Structures are given as C-alpha cells and as structure tokens.
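The lines below spell out each chain.
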Amino acid sequence: MLKRKIEQTLFRWKQHKGHKPLVIKGCRQCGKTSSVLKFARENYKHVVYLNFQEHREYRSIFKGSLDVATLIFNITIVLPKARFIQGETCLILDEIQECPAARASLKFFKLDGRYDVICTGSLLGVSGYSGAHDTDNTSIPVGYEQIITMYPMDFEEWLWANGIEDKHIEYLRECLASRTPVNDIVHERMRQLLLRYTIVGGMPDAINTFFETDDFNEVVDIQRGIVNEYRDDMIKYAASTDKSRIRECFNSIPAQLARENKKFSYAIITKGARSRDYRGSLQWIEDAGIIRRCYNTLSTELPLEGNVLGDSFKVYMSDIGLLISMLDDGTLWNILQGETLTYKGAIFENLVADILGKKGRKLYYFRKDSGLEIDFLIHLDGECVPLECKASTGNAKSLKTVLNHPEHYHVNRAVKVGDYNIGQSDKILTIPFYLLFLL
C-alpha cells in the first residue's frame, strides 16, 4: 500500500472534536477510495461501505426520509452485516456525486453525531453534471460538511514509494537552505527518480504497475486507460450541448503546449472556435480536476491573484504522467535518455506545474506583448519571486531583464530550475527539478 499524505489529514480530522462529515473530491483514479478504506479499517471497529457507481441500486436507500434512524434501517436491510455502533462505525459513501440525496443526508448525520461519515467524489461541482437524476432531498449541506481536495501522488510521495526516507529528504532540505550542491551519488539518484516520475506520474494504479512490472509500456497502457475514462466521463456526464466541445478542448492540450507562446488559444481547438463557445467546456475539465490553469498577471507584484488577467492563461495537465501518455511513444525514450528539450520544454513546464499544483499552489506567469515572459511567479517568503524552467543550462534573457530593472518590476531575486545542481549566481538561485517540492 502506497503511503499518502492524506492519511495524516484524515487522522487529524478524526481527532478534532465535533468534526463534520468529510467530503474528499479529486479527479478519478487519484487514490481516494483506497486511502479512505485503509484509514477506516485501521481506525474503526466497523466500516460500512457504499459505492454508488458500482451499485446504483444503493441510491434507493436515500429516497424519502433522511432521518438517520431510517437510513440505518435501510442500509442494514441492503447490507445485513453492516454494524452501526456509536463512535466505532465509519460510513463511507463512495462516488457520492451519483446520489445527491446521500450528500444531503450529511446534515442529519452531523446533527445526529453518533457515526463518522467520509464521502468521495470524482465529479463534484462540474458544470452541467447529469450523472444522477434525483430531484428530492438534493440540497448541498452547507455548514454541515468539510470538503478537502485530494490530488494524484505528488513527487514527495513518489520518493517515499521508492524508499527515500525522511533523513534523505532532510539532507536535501539542508542543502537547499545552505545553497550547497547535493553530493554526486544522491544527485544522480534523485535525477533518475525525477525522470521516472515524469513518465509514471502520480496515479496510484500506474505507480503500482511500474513497481510490479518495471515496464514503462504497461504504465502507459494504464495511463491511456485513465485518459479514456476521462473522455468517457465527458460523454456520460456533461450536458448534451457541451459533450463534443469538452472533448475537443481536452484533446487540444498537447497542441496548446507545443506552441512557443503557450497561452491557451481557442483557435487551436478547431477552426473558428471562439472563447464564448468553449469557455464553459474548459471550465468543466478544470472542475473535474483534470487540468490546471496558470494565469498571466498584470505585474510581477503581490498579491498575484489580484493582478490576474482572467482571459490570458496557460493550461497544464494536473498529472505529468497523463500528459506523457497523450504524446508519441518515442517521448518516453527521449526523457529517459536525458533529452530534456523534447517537446520544446513543455514537458518540464508541466512537470513544474505538477509539483507546484500538488502542493496546493495556484499557478501564475508573466508575459508582455514585447515577448518578455517568465514561466511562473510564486509567492515565496513574502515576496513575488520569478521561477524559470530551463530543461538544461540556457539563457534566461527575460529573467535577467526583470532582475536588472527592480524599479519597474519590483523583483529582488529569482529561482531557475533545471537539470543541474544547486548554485547561486547574483540574484538567481539555481536548483534541480527534484528540489522544487521543498521550496
């Protein structure tokens, strides 16, 4: 079983007095169900599990009264072995978006207070969702639930899965803090793990397949299966008027990233495509947790969110491995051979977006019509800090321009990430990709 950070989140939730029913949302196949089941089995005497996608008949349990006594009666009729003991039972409602009435029942479970409830959902809140057709008792229990977002495995979790211990990570943290190069043995090991993470990504099924087979081709098969599931969801759950546009938006992502100017262009989707026709479709994909937006800003100053240009943004896949699976098969070989300029650097920009995004950071960049562009802007130690992604040592002309004119850009230092060791030159800190998660 892969170690996940959400385990500590769940433990803290359980320990908090008076905790509310918990709703965990996230993209499909990111490990929500397995993590919740593992936690529940380790921390409760009784676990009652309902999956509304696999057993659509379970939805009938929540028709009519949502009184807790009635619901428990209905559940134990359907699942005779289910046991509800105060303080000892955890009820898991999986794929709760398939049964809106079950989510509405969380209010009553909270008021009752005898049993803990954890829900998971893959498409909660997506625009035009039509997976369930219940019309009764479907109000969202505002104030009676706690919502958290779960992502595919991040780079640190990947390191844990590969036997990297806390003492190793602490060594890396000390190197970063002291601006000391990582020793050659550790550096090379981390480089290789980073390249493998770039291919495998963070989907638990893909990671387990890699550990079981050591075969990247089988990993890609798993990833492409997940991508196809996403496409199926777009057909199954989106509003009928949006289905084709959502898929067109999604399928255009590799082409969007292949451009020198990676600002998302609706014209790339299909000839004559306009923002007003596809804006909602792109939002659907984002709400499903499949992509992340990186917004252009008016200036390189804090607050970044306050300077966003809403109609100017880049789009990255939320998981780097899924992006790789959408590209040509030869891309895998290029990455493993260290040919890091493959695909015009788009892969490694998406890698940075993956690592930052899975830490919960919102993504920003800076671009002017003159061509000056900074790949990312981050809020670091109370400052706006430019972050440039250079797959190999290369000229960072825009970065130097920004640093040389503090009177205009109000930037005092910058970070450059790439395939090299730690170094400091003037105002620029250079770090390897594998240290990005420690910023």
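Residues numbered from 1 in each chain as written. Predicted model: local features only at pLDDT ≥ 70, side-chain atom pairs only at ≥ 80, totals over all residues. Heavy atoms only, no water.

**As for the overall build of the protein**
Regarding its fold elements, the protein presents 19 helices and 13 strands. Computed over the C-alpha atoms, the radius of gyration of the protein is 23 Å, within 12% of the 22 Å expected from 2.2 N^0.38 for a compact globule of 439 residues. With the C-alpha coordinates aligned to their principal axes, the bounding extent of the protein is approximately 70 × 55 × 45 Å. Burial analysis of the protein (439 residues in total) assigns 53% to the buried set. In the protein, the proportion of contacts linking residues at least 24 apart, taken out of those at least 6 apart, comes to 71%. Carbon and sulfur atoms make up 48% of the accessible area of the protein, which amounts to about 19,400 Å² in all. Distance between charge centres in the protein, computed from 57 positive and 56 negative side chains, equals 4 Å. (Helix = DSSP H or I, 4+ residues; strand = E, 2+ residues; numbered from the N terminus. Rg over C-alpha atoms; globule rule 2.2 N^0.38 Å. Buried < 20%, exposed > 50% of the residue type's maximum accessible area, 1.4 Å probe, protein only. Contact = heavy atoms within 4.5 Å. Areas by Shrake-Rupley, 256 points an atom, 1.4 Å probe, with all protein chains shown as cover. Lys, Arg positive; Asp, Glu negative; His and termini not counted. Charge placed at Lys NZ, Arg CZ, Asp CG, Glu CD.)

**Regarding the confidence of the model for the protein**
Of all residues in the protein, 95% have pLDDT values of 70 or greater, and the mean over the chain is 92. Segment residues 129-136 is flagged for pLDDT under 50; beyond a separation of four residues in sequence, or across chains, it makes 22 contacts in the model. (pLDDT = per-residue confidence, 0-100.)

**Here's the deal with the sheet that holds strand β11 (residues 414-418)**
Read from one edge to the other, the open sheet built from 8 strands follows the order β7-β6-β8-β9-β10-β11-β13-β12, with strand pairing classed as mixed. Every interior strand has two partners, whereas the edge strands, β7 (308-317) and β12 (423-425), have only one. This sheet shows a mean twist of 35° between the axes of neighbouring strands, independent of strand direction. With 5 bridges joining them, strand β9 (residues 373-380) and strand β10 (residues 383-390) adopt antiparallel strand pairing. Bridging from a neighbouring strand, Phe376 pairs with Leu387 of β10. Against the sheet, helix α17 (residues 346-357) engages β6 (291-297), β7, β8 (363-367), β9, β10 and β11, with an angle of about 15° to β9. (Pairing = 2+ DSSP bridges. Axes fitted to C-alpha atoms, helices over the stretch in contact; angles between N-to-C directions.)

**As for the state of the cysteines**
Under the defined criterion, the tally for this structure stands at 0 disulfides. With no disulfide of its own, Cys389 lies closest to Cys294 among cysteine sulfurs, the gap being 11 Å. (Disulfide = S-S within 2.5 Å.)

**A short note on the pattern of salt bridges**
Evaluation of the coordinates by the stated rule reveals 26 salt bridges. Of the charged contacts, one joins Arg191 and Asp419 as a salt bridge, the two residues approaching to 2.6 Å between their closest N and O atoms. Residue Arg191 is found in helix α8 (residues 184-200), and its partner Asp419 is found in the loop between β11 and β12; the two are separated by 228 residues along the sequence. (Salt bridge = Lys/Arg side-chain N within 4 Å of Asp/Glu carboxyl O.)

**Let's talk about unusual backbone geometry**
Cis rather than trans, the peptide bond between Leu302 and Pro303 has omega equal to 0°. With respect to the secondary-structure elements, Pro303 resides in the loop between β6 and β7. Here Glu95, not a glycine, exhibits a phi torsion of approximately 55°, which is positive. For Glu95, the location among the structural elements is in the loop between β3 (89-94) and α4 (100-104). The backbone phi angle of Asp426 is positive, close to 60°, even though this residue is not glycine. Mapped onto the secondary structure, Asp426 falls in the loop between β12 and β13 (428-432).

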